Amino acid sequence: MTQKPHRPALGSYTISQLYYNCSCSMITPELEVEEKQRECAVRRTGHYTVQQNQNTHHGDRYGPSTTTSNTKATGTDPSSLPNPSVAACPRSQPSSSPKSGSSPRHSPNSRSRPKPSYQRCNSQDSLDELEMDDYWKEVENITRSGGGAGRGEGGGEGEVQEEEQQKIPEEGEQEEAWLTEAGLARLFDDSLAADLDQEEDNAVFLSTLTRTQAAAVERRLTSLHQTLRRRNRQHVPDVRDIFRPPEKGEESSKLKRGSENGQKDVSSAETETELNVEVAFSEQALTYKENHQRLKVTTSPNSPDDKLPNFKLLRDKTGQTRIGDLSPLDMKKVRRLVLVESTALFDTAGIDLKAHKAVKVKTKESGLFGVPLATLLDQDQRRAPGTKVPFILQRLISHIEEEGLDTEGLLRIPGAATRVKSLCQELESSFYDGMFPWQQLKQHDAASLLKLFIRELPHPLLTVEYLNAFIAVNKLPTKKQQLQALNLLVLLLPEANRDTLKALVEFFQRVIDHQAKNKMTLNNVSVVMAPNIFMFKGFRSKVTEQQEFSMATSTANIVRLLIRYQNLLWTIPKFIVTQVRQQNMESQRKQNKERAVRKLLKKITTDKPSDKAVPEESSQGFIRVQAPQFSKVSMAVQLTEELQAADVLTRFLSQDSSVTVKREELCLYEIGGNIKERCLDGETYMKDLIQLNPAAEWVIKAVQR
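As the structure is a prediction and not an experimental result, all values here were calculated from the model. (Residues numbered from 1 in each chain as written. Predicted model: local features only at pLDDT ≥ 70, side-chain atom pairs only at ≥ 80, totals over all residues. Heavy atoms only, no water.)

**Q** I'd love a proper account of the overall build of the protein chain, names of residues and values included.
**A** Across its full length, the protein chain carries 25 helices and 11 strands. Contacts in the protein chain between residues at least 24 apart in sequence constitute 78% of all its contacts with a sequence separation of at least 6. Roughly 32,600 Å² of accessible area belongs to the protein chain as shown, and the carbon and sulfur atoms make up 50% of that amount. (Helix = DSSP H or I, 4+ residues; strand = E, 2+ residues; numbered from the N terminus. Contact = heavy atoms within 4.5 Å. Areas by Shrake-Rupley, 256 points an atom, 1.4 Å probe, with all protein chains shown as cover.)

If you want it as structure tokens, here you go:
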């Protein structure tokens, strides 16, 4: 095969050349053209065929080429393209126009874009150049269908919502916002109303931080302190008053307590594919850095770090904690700790995250497409309380699966643009009435509607605040650290965004499970979905072309990790749960002291240890399990070394035949002591957990998810 040192500019390809490389006529009516294009694409079993330079050193991605074509390409004026930010259901553009074949980012005289270097690899463990061509094809599809704004495109008539805007914080605002989000505003603002409970809460919170977490807080306080002094603000507390150096006698005790905070010996017996969740991720990263190991992510196909290892969690006898297992009160503590921990993790790699602040935009107050997630869920929860994922997304996913996941090119091959637009409008008017003709909805049209729903959200699914952090994950030096950072970022997402993202990645995995027939591998799905997830309203008008190229592989890799490791990402690391337990214990100690003082003042006997100390039955080798929702309200269970939470449920169900709830809908809860409430993993060893929380009560009830 003759090597082609260069490729022509994207704008010099016609639609048939760039997208499908087959003899589809461009002079037929619009729908016929789109159908023919889809059919041509379906006949392909691999990637889109575009001449590639097989040399190790690639030339300019869109540079000159010797490739010839019978069809002459013409440029496109950006102003002629549809505006994606106008309406929820985008306007279509006639594909018979020769202008359709040129890039939305380029005029005929635009400069060529530098081509990012790729390493060819036959494994699905790395992204190669052919797969990234699918990414750019998807960007073209989005723009042509009116779903993504190009540079310099403005609004149109009938505008429903404005472009999503990112506000870059001014000097000092970044630190103030971060400390406020962490619940530490009192550390820098004495003007806030005095709240003794809040001050005690801050003291308890700070006392449980690891050294890297404390350093992250101190670093932002120091920066803010310097900024405020330049502004001549008064009464700025000195950082040294908050983080004073420990006395000599305190040093050893602090190090001892540090092991409780997750600072155990990082160099334990864990292997490269085992995830240690007992030690703070930032502490592990710091140890990695201090050991002078390699610091840059390599992209060589021979590098094990470019692969996707089969990571697994180190076994924890006290059970794994999933998102949704903890009470709302404890989840608030989790979020504060995760914010500090994620910042500390990026700090160890020298990555300074500049979080953007979302500016309020005009949004639709009802409907399906272009409606905020919170609004969608509000209207759905009025119909079905407890709904976690919007009905429209659930229904699109179920329809695609009912039609079968073996359809070749599912998610990759677009539906007919005009038909998708019409279907979008029909869904808006008839979805909730139950009158939409689902039996007539084609697979590729349904997949296009699903992608349209994601990118039409007025706020990005990954949120404006954390979008940069998700992209910055690629800068971390190892796949393990990248996975740890994603775990923390998923925990930081608002509940609605997190639940919706989970529903999507679970669906993507089911599509990938049928890759033998649909030809959609992990990499294929990732590169196609990345622009739909990361390109929010107005995104492309706010980044340079070079930034967009750089982000292409980065965003595809993030989607790849989210899908591949979803079973690990929606869990709460044990060290975070341990810190929550410590905060609860510290708060209880303070409450017990206050209670003792009150008793002394009333001349009552001195305060005794907690009334819920160690239950008598526990000390005798039994636990009392409560089940107030059922006819058998309690039972005694003998403790053994091998007794697990699942065994307790099995014994309960065998003794109460009147239970109508399914086994998978029941959970044994740990309530009280050093945790508010926690639904136990079935593999939790009860004896080990009782040693960790001897004052807890054990209750069986239906799962509240």
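Once you've had a look at it, read on.
**Q** If you had to explain the pattern of salt bridges to someone new, which residues and values would you point to?
**A** Under the criterion given, the structure shown has 21 salt bridges. In this structure, Lys 364 and Glu 428 form a salt bridge, with 3.2 Å as the shortest nitrogen-oxygen distance. Here Glu 428 lies in helix H13 (residues 417-430) and Lys 364 lies in the loop between strand E5 (357-358) and helix H11 (373-381), a separation of 64 residues in the sequence. For Lys 364, a relative accessible area of 17% puts it in the buried group. Note that Lys 687 is salt-bridged to Glu 641, the shortest N-O span being 3.1 Å. (Salt bridge = Lys/Arg side-chain N within 4 Å of Asp/Glu carboxyl O. Buried < 20%, exposed > 50% of the residue type's maximum accessible area, 1.4 Å probe, protein only.)

**Q** I'd like to hear about the packing of aromatic side chains, residue by residue, with values.
**A** Each aromatic ring pair is specified by the distance between its two centres and by the angle formed by the two planes. Counted by the stated rule, this structure contains 10 aromatic pairs. Look at Tyr 135 and Trp 136: their rings are 5.0 Å apart centre to centre, the planes differ by 80 degrees, and that puts the pair in the edge-to-face class. The same class applies to Tyr 135 and to Trp 136, which are both buried. Ring centres of Phe 507 and Phe 508 lie 6.0 Å apart, and the angle between their planes is 50 degrees; this geometry places the pair in the tilted category. Considered together, Phe 507 and Phe 508 belong to a single accessibility category, that of buried residues. Among the aromatic residues, those joined into a ring-pair cluster are Phe 431, Tyr 432, Phe 436 and Trp 438. Above the plane of the ring of Trp 438 lies Arg 395, whose end atom (NZ or CZ) is 4.3 Å from the centre. Above the face of the Tyr 669 ring, Lys 701 is positioned so that its terminal group lies 4.7 Å from the ring centre. (Phe/Tyr/Trp six-rings, centres within 6.5 Å; stacked < 30°, edge-to-face > 60°. Lys NZ or Arg CZ within 6 Å of the ring centre and 35° of its normal.)

**Q** Describe H13, listing the residues and the values that go with them.
**A** Compared with the 20 Å implied by 1.5 Å per residue over 14 residues, the 20 Å span of H13 between its first and last C-alpha is a close match. Taken together, the buried positions of H13 are occupied by Val 420, Leu 423, Cys 424, Leu 427 and Ser 430. The buried residues of H13 occupy an angular sector of 155 degrees when projected down its axis, which confines them to one face. Buried residues along H13 sit in contact with helix H12 (391-403) and helix H14 (443-455). (Expected span 1.5 Å × (residues − 1). Arc of directions from axis to C-beta.)

**Q** Let's hear about the confidence of the model for the protein chain: which residues, and what values?
**A** Averaged over all residues, the pLDDT of the protein chain is 75; the fraction at 70 or higher stands at 63%. Here residues 148-164 is modelled with pLDDT under 50, and outside its nearest four sequence neighbours on either side it reaches 62 contacts, counting other chains as well. Low pLDDT (under 50) marks residues 248-260, which in the prediction has 7 contacts with non-local residues, meaning those over four places away or in another chain. (pLDDT = per-residue confidence, 0-100.)

**Q** An account of the sheet that holds strand E10 (residues 675-679) is requested, with residue identities and associated values reported.
**A** One open sheet holds the 5 strands; their spatial order is E8-E7-E11-E9-E10, and the pairing between them is mixed. With one partner strand each, in any of the chains shown, strand E8 (634-638) and E10 form the two edges of the open sheet. Within this sheet the neighbouring strands show an average axis-to-axis angle of 30 degrees, counted without direction. With 6 bridges connecting them, strand E9 (residues 666-672) and strand E11 (residues 697-702) associate as antiparallel partners. Looking at E11, one finds that Cys 667 is bridged to Lys 701. On top of the sheet, helix H24 (residues 645-655) reaches strand E7 (622-626), E8, E9 and E11; it is set at about 130 degrees to E8, its chief contact. (Pairing = 2+ DSSP bridges. Axes fitted to C-alpha atoms, helices over the stretch in contact; angles between N-to-C directions.)

**Q** Quick rundown of the pairing of E9? Include the residues and the values.
**A** Where a strand is regular, its side chains alternate between the two sheet faces. Burial runs high along E9: 6 of the 7 residues are buried. Between E9 and E10, which pair antiparallel one after the other, the connecting turn spans 2 residues, and Gly 673 there sits at a positive phi close to 75 degrees.

**Q** An account of the state of the cysteines is requested, with residue identities and associated values reported.
**A** Within this structure, the stated rule accounts for 1 disulfide. With a sulfur-sulfur separation of 1.9 Å, Cys 667 is cross-linked through a disulfide to Cys 679. Measuring the twist about the S-S bond at about 120 degrees, one finds the Cys 667-Cys 679 disulfide to be right-handed. One end of the pair, Cys 667, is in strand E9; the other, Cys 679, is in strand E10, and 12 residues separate them in sequence. (Disulfide = S-S within 2.5 Å.)

**Q** I'd love a proper account of the nonpolar core, names of residues and values included.
**A** Nonpolar side chains in soluble globular proteins tend to be buried together. Counting residues in each nonpolar core, the largest one holds 125 residues, and the members touching the most others are Leu 411 and Leu 449. Contact partners of Leu 449, with chain neighbours within four places excluded, come to Phe 369, Leu 396, Val 420, Leu 423, Cys 424, Leu 427 and Leu 441. Residues Met 635, Val 648, Leu 689 and Ile 700 belong to the second largest nonpolar core, which totals 22 residues. (Core = buried A, V, L, I, M, F, W, Y, C linked by side-chain atoms within 4.5 Å.)

**Q** Help me get a handle on the packing of helix H6 (residues 211-230) against helix H10 (residues 328-348), residues and values and all.
**A** One way to put it is that H6 packs onto H10 with a least axis distance of 8 Å and a crossing angle of 85 degrees. Relative to H10, H6 is oriented roughly perpendicular. When H6 is examined against H10, the residues Thr 212, Gln 213, Ala 216, Val 217, Arg 219 and Arg 220 are found in contact with a partner set consisting of Val 340, Glu 341, Thr 343, Ala 344 and Asp 347. Classifying every residue of the contact of H6 with H10 by side-chain character gives 4 nonpolar, 3 polar and 4 charged. (Parallel < 35°, antiparallel > 145°, perpendicular 65-115°, else oblique. Nonpolar A, V, L, I, M, F, W, Y, C, P; charged D, E, K, R; others polar.)

**Q** Before we move on, can you summarise unusual backbone geometry with the specific residues and values?
**A** Positioned with a positive phi, Thr 463 is a non-glycine residue whose angle comes to about 70 degrees. A relative accessible area of 7% means that Thr 463 is categorised as buried. Non-glycine residue Lys 519 carries a positive phi angle of around 60 degrees. Mapped onto the fold, Lys 519 is located in the loop between helix H18 (515-518) and helix H19 (522-534). Residue class for Lys 519 comes out partly exposed when judged on its relative accessible area of 30%.

**Q** An account of the side chain of Thr 210 is needed here, citing residue identities and associated values.
**A** One can find Thr 210 in the loop between helix H5 (196-207) and H6. Looking at Thr 210, its side chain comes within polar contact range of the side chain of Thr 212, at 3.2 Å. (Polar contact = N/O pair within 3.5 Å; in protein donor to acceptor, adjacent residues only side chain to side chain.)

**Q** Would you mind going over the packing of H12 against H14 in detail, with residue names and values included?
**A** It is the contact of H12 with H14, at a shortest axis distance of 10 Å, that shows an interaxial angle of 155 degrees. When the axes of H12 and H14 are compared, the pair comes out roughly antiparallel. Crossing hand, H12 versus H14: left-handed. Of H14, the residues touching H12 (which contributes Ile 392, Leu 393, Leu 396, Ile 397, His 399, Ile 400 and Glu 403) are Gln 443, Ala 446, Ala 447, Leu 449, Leu 450 and Phe 453. Residue composition of the contact of H12 with H14, grouped by class: 10 nonpolar, 2 polar and 1 charged. (Left-handed = near helix turned anticlockwise from the far one by under 90°.)

**Q** Could you give me a rundown of the environment of Leu 368, with the residues and numbers involved?
**A** When you line up the elements, Leu 368 lands in the loop between E5 and H11. Put simply, Leu 368 and Ser 429 are 61 residues apart on the chain and 9.4 Å apart in space, counted from C-alpha to C-alpha. When near neighbours in sequence (up to four residues on either side) are disregarded, Leu 368 contacts Leu 376, Ile 392, Leu 427, Glu 428, Phe 431, Tyr 432 and Phe 453.

**Q** Got a sec to walk through the environment of Gly 682? Specific residues and values, please.
**A** Relative to the helices and strands, Gly 682 resides in the loop between E10 and helix H25 (686-692). Residues Gly 682 and Ala 645, 37 residues apart in the sequence, show an inter-C-alpha distance of 4.9 Å. Apart from the residues within four sequence positions on either side, Gly 682 is in contact with Gln 644, Ala 645 and Ala 646.

**Q** I'd love a proper account of the pairing of E8, names of residues and values included.
**A** Here E8 shows a clear split, with Met 635 and Val 637 buried on one side and none of Ser 634, Ala 636 and Gln 638 buried on the other. Where E7 and E8 come together, 5 bridges link them in antiparallel fashion. Residue pairing for E8: Ile 623 is matched across the bridge by Val 637.

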